[in-house]
Amino acid sequence: MATRGTRSEKVKRIFQQFDVNGDGGLNREEMAALVVAVNPRVKFSDEQINAILDEVFRTYGEFIDGEKGLTYEGLLRTYDDGAGDVDRDFDALDLDLILEENKGVTMASEASSSSIVDERAVESQKKQRTAAWAVSPNHGIVFDDTWKIVDDLEILVKRLKAKQGKDGKMKGDNFDAYSDAGWSRELGPSTEISEKRVFWEESGHDYAIFIKELGVLRSRADGARSREEAFDGHMAIGRVLYEHQLFKEALVSFKRACELQPVDVRPHFRAGNCLYVLGRCKEAKEEFLLAMEAAEAAGNQWAYLLPQIHVNLGIALEGEGMVLSACEYYREAAILCPTHYRALKLLGSALFGVGECRAAVKALEEAIFMKPDYADAHCDLASALHAMGEDEKAIEVFQKAIDLKPSHVDALYNLGGLYMDLGRFQRASEMYIRVLSVWPNHWRAQLNKAVSLLGAGEAEEAKKALKEALKMTNRVELHDALSHLKQLQKKKLKTNGAANGESAFISVELAKFKTVGERTTARQDLADALKIRAFQRITRLNRCDVELLKKEMSEHDVPVSYSGGGVPEKSIRKPNLEGILRRLLDFLKPETFHGAVKAINERILSVLDDTGSGRVDLGMFFAFLAPICSGNPDKRKRVAFDALLWRPVNEDGGSLVRKADAVRYIKLLRTIYIPTHGISELLEVHGEADSSMVAFNEFLVMFNDPDWGFGIMSTLIKLELGDRNRHENRVCSVCRYPIIGSRFKEVKSNFSLCNQCYSEGKVPPAFKQEEYTFKEYGNEGEAMKDKCLCFTLQSHKD
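Residues numbered from 1 in each chain as written. Predicted model: local features only at pLDDT ≥ 70, side-chain atom pairs only at ≥ 80, totals over all residues. Heavy atoms only, no water.

Under an unreviewed UniProt entry, the name given to the protein is EF-hand domain-containing protein, and the source organism is Erythroxylum novogranatense.

Okay, here's the thing in C-alpha cells:
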C-alpha cells in the first residue's frame, strides 16, 4: 500500500496533468476529463458525468476556489475519503512516477489464505483489477483491503471454472461473452440472457469446496474495521460473483450488504438483478422498489441510476405478466432520460403487448431513430404494423430485422405468420424452416410449417411436418389437426379458392337457416356466443369464480373521485386495475395472464376509457366481468347488479339502482360483447332520461331481454356446459374436423355441421337447397334418443 507521502505525490502529478490552464484548480471541464481518463472502460453519459461532478463540487465545497474549481488539497481529500484509488488512477494515466511494484503484492499476500497465496501474487502482478464496475467512482471499490478479497475471489472462481470445465460439468461455452447488453447491463433482453447464460454444476465436490472458501472471504469482509468497509467488501464479492454468473451466491452477498446499509441504492438494485435472472420476479420487483425509494430520497447522488431502476423494475413486472404496470415505469425511464433508447423499445413492445398499437409504433420508431441497428425494435415495430393492417410496410421492417440479425427467431416466426395471413404459404413455410434451423424443437413453428405446406398444396410434406410436431409436444389440437388432414386425404376434396386446406363449401345467407324446436340455437345467436366464449378462454375468466368479484368490492376500499362532468365514481388507474386482475386470476402463469390483460384492455378498458385518461370506473368494470365469470348464472347477474349498487351514484338508493345507470350498463355490455348488433336506440328512449329506480327483479327483466338486453347469456351457458362434448367419430361435413360441442344436423339432407361452420352459414356444395332446417344435438345420446323416437313413430304409422 502506498504511503501518505507517495499518495500525495501521485495526487499532485494527477492534478498537474488535468490542470490544463495552470490556474491551480480543476474546473468542471477539467474534472470531467479526469473522471473519463481514469475510467477508460466506462462509457459515461452526460447525465452521469454531471451527477458525479455535482456530488464532488457539493461535497467538497470548502475546497472549491471560485471559478478555478477544485484545488489540489480538495483532490487529495477525495482520495483520502475513498472516492478513488490513487494507485489505480496513476497507473491508468500511465504517469512517470515509478514505485516498487511488489510492495503492494507482499502486503496483500500476508493477508491471504495460505492455500492461494502464490496464485494470487501472480494475478496481482498482472494488474488485472480494472473491471468496469470496480473502477467506477460510483460503483467501485473504496477500501484497499477489499481489493485483496476481490483478488482472492477471482482466483477461487477461476479455479472452479478450470475444474468444472475440465470435467465437462459447465453448461455454456461462451462464458466470457456474458457482459454488456446495452443500457441494462445487469438485465439484458431475455434472448441475450438465454444465449449467454452459463449454468454451474452445484452438486459436486468442487463446488462445495468453493462455497466453503467463499465463506472464509465473507467472514473477512464481516470482520472489517468499520461497517462501511464490510459493506464495501460484500458489494465487491457480490459483483465478482455476478460477473461470473454465480447468481445465487451473489444474491447472498447483496442481501448482506442490504443489512449493513439498508438505505443504500446499490445493494437493492443488485439484489433485484440477481432475483430476476433467477426467475424470482416478484422478489426482484420488491428490491427494485426499495432501490427506487432510496434513490429518490438521496437527491441527485443517484439520479443517473434512476432511469435504469425504472427499466429493470418494468422488466421484473413483465416477468410477472404485469405489462400495463411495466409501461408506466418504461415511460418514466424515458422521461428521466430521453436518450434511453432501450426504455423506448421496451415501452413500445409493452404497449404492443396490451394491444395499443399506435402508441407502440410511435415509441418503437423513436427507439430505432436513436439506434438504427436495433433488431429487436424493428421486429416489434413490424408486428405492430401488421396488427394495424400495414402489411407491406411490416414485411419490409421484418426483413430489416432479419438483415440485422439473420438468426432472429421472433422476426422469422412472425414474418411467417404474416405470409400465412396473406395466403403466401410457400414463403411462410420458408420462414418456419429457417426458425427450425435456429431452434429445432420449436413445436409451434413445426406446426405452422405443416399448415403452410398444406396451404401450398403439399399434403404429404404437411403430414410429415405434423408428425414431427407431435413428437415435440403431445397437445390434443395436434391430434385433431392430424385427424383433419387424414379426412381431407381420404375424401380427396377440392380446396376452396384460397387453397386453405378446407373442403369446398357454399355460404348461405342468414334467412335461409331455419331451426327445429326451441332447443336449437339460432345461427346469429350462436355466432355471438362463440365470440364471447373465445374471449372467456383467452382471459380465463370462465375459471374465475364470480364470488371473487364480490369479495374484491367488500374487502378493498377505493376512494371516490370526480370525472370531468362532476359525477362521483370509484375510478382507478389501469396499472392498479391490473393488480386487481392479478388477484382474481392468480392461478395463471405470467405469459397467460399477459394475454388475458391484452384481451381485456382491447375489449373492455377501451370502452370504459374512451377519453384516454388512463382511468376506469371500477364498479362498471366489475359489472362487465360478472356475466362471463364462472358460477351459477343467477349469481352472476346478482353480482353484476351489486357492482352497480357499489358505484357512488347508486349508494344512496339502498337496494335500488338508477334506471338510467342500469340502461347505460346494458347498453355498454352489448357494445362490448355483441358489437355486431350495434346499440339499440330503444334503450335510449326507454331509459336514458328516466330518473326512476329499479330493484333487482326489474333489472333481471331488462338483463334477460333477448332483443335489447343480454339474453345471449343463455346460449353462452349452453356452450360452457357442452364445449367438451365429442360426438364419437363424427366430423363436420364442411371443415372435416371432429365435432366438439353441439352437432347441427340438417333434417332433410342429413349432413352435420360443427358449431363454427353452422354459425358462419357454411354448407357442403353437394346439398344446394332453397332453405336449410337444422336440429341441434348436445351429445350423441340425444341424437340416438331422437332416432329411436322417429323409428317408433314410423313403426306406429306402419
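From this point, things continue past the structure.
Considerations on the packing of helix H22 (residues 409-421) against helix H23 (residues 425-438)
The test is simple: Note on geometry: axes are lines fitted to C-alpha atoms, helical ones only across the stretch in contact, with angles between N-to-C directions running from 0 to 180 degrees. Helix numbers and strand numbers start at the N terminus; a helix is a DSSP run of H or I with at least 4 residues, a strand a run of E with at least 2. Put simply, angles under 35 degrees are roughly parallel, angles over 145 are roughly antiparallel, angles from 65 to 115 are roughly perpendicular, and the rest are oblique. Left-handed describes a crossing whose near helix is turned anticlockwise from the far helix by less than a right angle; the clockwise case is right-handed. Contacts are assigned to residue pairs with any non-hydrogen atoms lying within 4.5 Å of each other.
Across the interface, H22 lies against H23 with an axial gap of 8 Å and an inter-helix angle of 160°. Comparing the axis directions of H22 and H23 gives the class roughly antiparallel. The hand of the H22/H23 crossing is left-handed. Listed contacts from H23 to Val409, Leu412, Tyr413, Leu415, Gly416, Gly417, Tyr419 and Met420 of H22 are Phe425, Arg427, Ala428, Met431, Tyr432, Arg434, Val435 and Val438.

A closer look at the pairing of strand E11 (residues 726-731)
Quick reminder of the rule: Here, any two strands with at least 2 DSSP bridges between them count as paired.
As judged from the 2 bridges shared by E11 and strand E12 (residues 738-740), these two strands associate in the antiparallel manner. In the strand pairing of E12, Arg726 is matched with Ile740. As consecutive antiparallel partners, E11 and E12 are separated by 6 residues, and within that stretch Arg736 has a phi angle of approximately 70°, a positive value.

Focus: the pattern of salt bridges
Which entries qualify depends on this criterion: Any carboxyl oxygen of Asp or Glu that lies within 4 Å of a side-chain nitrogen of Lys or Arg is treated as forming a salt bridge with it. For every residue, the accessible area obtained with a 1.4 Å probe (protein chains only) is divided by the maximum for its type, and the residue is called buried under 20%, exposed over 50%, and partly exposed between those limits.
Counted according to the given criterion, the structure contains 37 salt bridges. Across the pair Glu283 and Arg280 runs a salt bridge, and its minimum N-O distance is 2.8 Å. The salt bridge partner of Asp617 is Arg647, with a shortest N-O separation of 2.5 Å. In this pair, Asp617 is assigned in strand E8 (residues 615-617) and Arg647 in the loop between helix H32 (633-646) and strand E9 (657-658), connecting sequence segments 30 residues apart. Across the pair, Arg647 and Asp617 agree in class, each one buried. Salt bridges linked by common partners bring Asp145, Lys148, Arg225 and Glu229 together as one network.

Overview of the environment of Asn632
To keep it simple, the criterion reads: Within 3.5 Å is the distance limit for a polar contact, defined as a pair of N or O atoms, with the added protein rule that one can donate a hydrogen and the other accept it, and that residues adjacent in sequence qualify only through two side-chain atoms.
Considering the arrangement of structural elements, one finds Asn632 in the loop between helix H31 (618-625) and H32. A sequence separation of 85 residues divides Asn632 from Ile717, and the C-alpha atoms of the two residues are 9.5 Å apart. A polar contact of 2.8 Å, which involves the side chain of Asn632, links it to the backbone nitrogen of Asp634.

What to know about the side chain of Asp380
By the secondary structure assignment, Asp380 is in helix H20 (residues 375-387). Engagement of the side chain of Asp380 in a polar contact is seen with the side chain of Lys345, the distance being 3.3 Å. What Asp380 contacts, discounting residues up to four positions off in sequence, is Lys345, Ser349 and Leu364.

Some thoughts on H31
H31 sits mainly inside the fold: 8 of its 8 residues count as buried. Residues of H31 that are buried: Leu618, Gly619, Met620, Phe621, Phe622, Ala623, Phe624 and Leu625. With a side-chain oxygen lying 3.1 Å from the backbone nitrogen of Gly619, the N-terminal cap of H31 falls on Asp617.

Concerning the sheet that holds strand E13 (residues 743-746)
Judged by pairing direction, the sheet is mixed, and its 4 strands sit side by side in the order E4-E16-E13-E14 without closing on themselves. In this open sheet, the two strands that pair with only one neighbour each are strand E4 (513-515) and strand E14 (752-753). By the bridge criterion, 4 bridges tie E13 to strand E16 (residues 772-777) in an arrangement that is antiparallel. Opposite Arg743, over in E16, you have Tyr777 as the bridge partner.

Examining the nonpolar core
As a rule of thumb, soluble globular proteins bury nonpolar side chains together. The test is simple: What we call a nonpolar core is a set of buried Ala, Val, Leu, Ile, Met, Phe, Trp, Tyr and Cys residues that are connected through their side-chain atoms within 4.5 Å.
By size, the foremost hydrophobic cluster in this structure holds 185 residues, and its most contacted members are Phe210, Ile604, Phe621, Phe624, Tyr665 and Tyr673. Once residues within four sequence positions are removed from consideration, Ile604 is found in contact with Phe535, Phe621, Phe624, Leu625, Ile672 and Tyr673. The next biggest cluster of nonpolar side chains, apart from the first, holds 27 residues, and it includes Ile49, Tyr60, Leu70 and Val86.

Quick word on helix H24 (residues 443-455)
Convention followed: To estimate the expected span of a helix, count its residues, drop one, and scale the result by 1.5 Å.
In this model H24 runs 18 Å from its N-terminal to its C-terminal C-alpha over 13 residues, within 8% of the 18 Å that 1.5 Å per residue would give. The element H24 is extensively covered by neighbouring structure, given that 10 of its 13 residues are classed as buried. Every buried residue of H24 is listed here: Trp443, Ala445, Gln446, Leu447, Asn448, Lys449, Ala450, Ser452, Leu453 and Gly455.

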